[in-house]
Amino acid sequence: MESVRKRRSSLYFELAALLLAAVIISGIFFAVINRIGSWIITERFSDGDYLEELCAGYLDDLQDYVNEEQVASGDSAKLTEWVKKQKIVSIQVYKDEILTYDSNYPDAAFEDAAVEGDYYEWEYYYTIRFEDGTADVFLYGFFSYPLYGYALIAEILLSVLLLILIVILGIRKRVRYIGRLKAECEILGNGDLDYQVTVQGRDELALLARGLDNMRTALRASNEKEAELTAANRRMITEMSHDLRTPLTSLLIYTEILGKKAVKDPEKLAEYVEKIEKKARQIKQLSDNIFEYALITEESEAELGEPQTLRELFYDPLSEMTAYLEEQGFAVKMKPGKDSRQIRANEEYINRIMDNIVSNIVKYADRSTSVEIDAVYTEGYGGLTFRNGIARKNEDKKRTEGSTNIGLHNIEKMMKNMGGSCRAEEAGERFEITVLFPWADGKDEKLER
C-alpha cells in the first residue's frame, strides 16, 4: 500500500497523469468542435437561396469566359479548362435537351454520338449563350468541401493548443516550486541557516526540499555546537590563564628571592623551597586539568561495557574511594541500595569520574562533616549522589586552584558521552553532585531500598 502511494505521488506519475488528462480533454474538445463545425457548415449550405447565389456567381463567370473565348456548347477542351480553374464545380451542357458536355466525362464524344442525356426538368438549369447558340447548363458546386478541410485544420490546431495549455498550466506550479527552491538554496548559500526550506507535496521535489531542510538543520546544529565548543574553550583558556597567573607570580617571587641569595637562614630557605614545590605542583595540577578537559572535549560517544547493577559496577571504586577519604580524615556514610536493574558504562570513565569527585572532596570539603554517598533510582535512570560540607576557610584556595571547575566539566562531558547526565548543586553549607545512567533494559522493576 505504501509503495502504491509513493508511486502515485511520484513526479513521473503526476506528469503521466497530466498528459493523459490533457489528451482526453483535448480529444473531447476536438470531437465537440468538429461536430459543431460540421453542423454549422451543413446548415449554411442547405440554404437553397444561398446555393443559388453561389451558382449564379460561377455562371456569370462562365458566361464571361464563353464570350471571351467564343466557346461552343460542345467545345469540351475549353469548357474543361474553365472547370479545372474553378476546382469545386462540375457542369453539364444541354443543347436542345441533348447532353453535349459533361465535366465528369470530358473526353466523351457527345456530339458524335448525339445521345440524349439525362435531362430532368425538375432540376434548375441556367441558360448560357454559346457561340453556336443558347444551351441549358446544370452546375453543381462542391462549395462546402474546402470549408470542411479548413475547419478540420482549425479544430486540430485548437485542440493541440488546448493540450499544450493544459500541460503548461499543470506543470506551472511545479516549475514555480523549482524556482522557489533555487531561490531558497541561494539564501542558504549566503549563510542564512535559519531560513526554513519550503516543502510542498510528496513527490521527488518535496523529498529533495525535505533533504535540503534536514541538511540545513544539521549544519546549523553543527555550527552552533562548534560555536559552543569554541566559546567553552576560549572561556576555559581565559580562566586557566587567570588561575595559572597567581601561582606563577608567587613562584617567580620565591625564585627571585632565592636568586638574590637574600635568605641566609636554612629553615627559611627550606620553607621557600617547599613553597616553590607546592606552587609547581599546583601548576602541574592545573595543566593536567587542561589536558584532561581537552581530551574529554574531543571524545564523542564512549564504548560501553556489559550491563551491570550499580552495586556491581561501583563496588571496587567506592571501596577505594572510602578507604582513601578515611585516610584523609573524612567520615564516609554510604547507602548503596539494592536494585536488580542494570546499567552500561565505560569503566575508564568511571575511574576518572571517581578521581575527580575524590579530588574535589579532598580540596574543598569540610572534614568536620561526613561525606554521604546514596544510590538513586528513578523510572528511567539509576546512579549515585555524593554530598559533603563546604569548608569556607578554603574559599581562597578554591579561587586560586579550582575556580575553573574543570573537574566538574570533565564529569559532565564523560557522563554525556555515556548517555547519562550529571547534576551539581550547592545549597548553603552543602555541596551535592549526582551522576545518573540510563537503564540498559529500559524496564521499570520494583525498587528494593
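Because the structure is predicted, anything quoted here is derived from the model rather than measured.

Chemist: Sorry, what's going on with the packing of aromatic side chains here?
Modeler: Two measures describe an aromatic ring pair: the distance that separates the ring centres and the angle between the ring planes. Overall, the coordinates contain two aromatic pairs when judged by the stated rule. Here Tyr-377 and Trp-439 contribute two aromatic rings whose centre-to-centre distance is 6.2 Å and whose plane-to-plane angle is 10°, an arrangement assigned as stacked. Separated by 62 residues along the polypeptide, Tyr-377 in strand E6 (residues 371-377) and Trp-439 in the segment after strand E9 (430-438) bring together distant segments of the chain. On the basis of relative accessible area, Tyr-377 is assigned to the buried category, the value being 10%.

Chemist: I keep staring at the pairing of strand E2 (residues 98-102) and nothing clicks. Help me out?
Modeler: Counted residue by residue, E2 has four buried out of five residues, so it is predominantly covered. Sheet topology places strand E1 (residues 89-95) next to E2; four bridges connect them, and they run antiparallel. Directly across from Gln-92, in E2, lies its bridge partner Asp-102. Adjacent in sequence and paired antiparallel, E1 and E2 are bridged by two residues, among which Asp-96 carries a positive phi angle near 55°.

Chemist: Help me understand the pattern of salt bridges in this model?
Modeler: Per the stated rule, a full pass over the model turns up 11 salt bridges. Here Glu-81 and Lys-85 are joined by a salt bridge, their closest N and O atoms 3.9 Å apart. Here the residue Glu-81 and the residue Lys-85 both occupy positions in helix H4 (residues 76-86), the gap between them amounting to four residues, near one helical turn. Under the relative-accessibility criterion, Glu-81 is labelled partly exposed at 41%. Note on Lys-85: relative accessible area 54%, which makes it exposed. With a shortest N-O distance of 3.7 Å, Glu-372 and Arg-387 are connected by a salt bridge. One end of the pair, Glu-372, is in strand E6; the other, Arg-387, is in strand E7 (residues 381-389), with 15 residues separating them in the sequence. Residue Glu-372 is classed as partly exposed on the basis of its relative accessible area, which comes to 25%.

Thresholds applied
- Residues numbered from 1 in each chain as written.
- Predicted model: local features only at pLDDT ≥ 70, side-chain atom pairs only at ≥ 80, totals over all residues.
- Heavy atoms only, no water.
- Phe/Tyr/Trp six-rings, centres within 6.5 Å; stacked < 30°, edge-to-face > 60°.
- Helix = DSSP H or I, 4+ residues; strand = E, 2+ residues; numbered from the N terminus.
- Buried < 20%, exposed > 50% of the residue type's maximum accessible area, 1.4 Å probe, protein only.
- Pairing = 2+ DSSP bridges.
- Salt bridge = Lys/Arg side-chain N within 4 Å of Asp/Glu carboxyl O.

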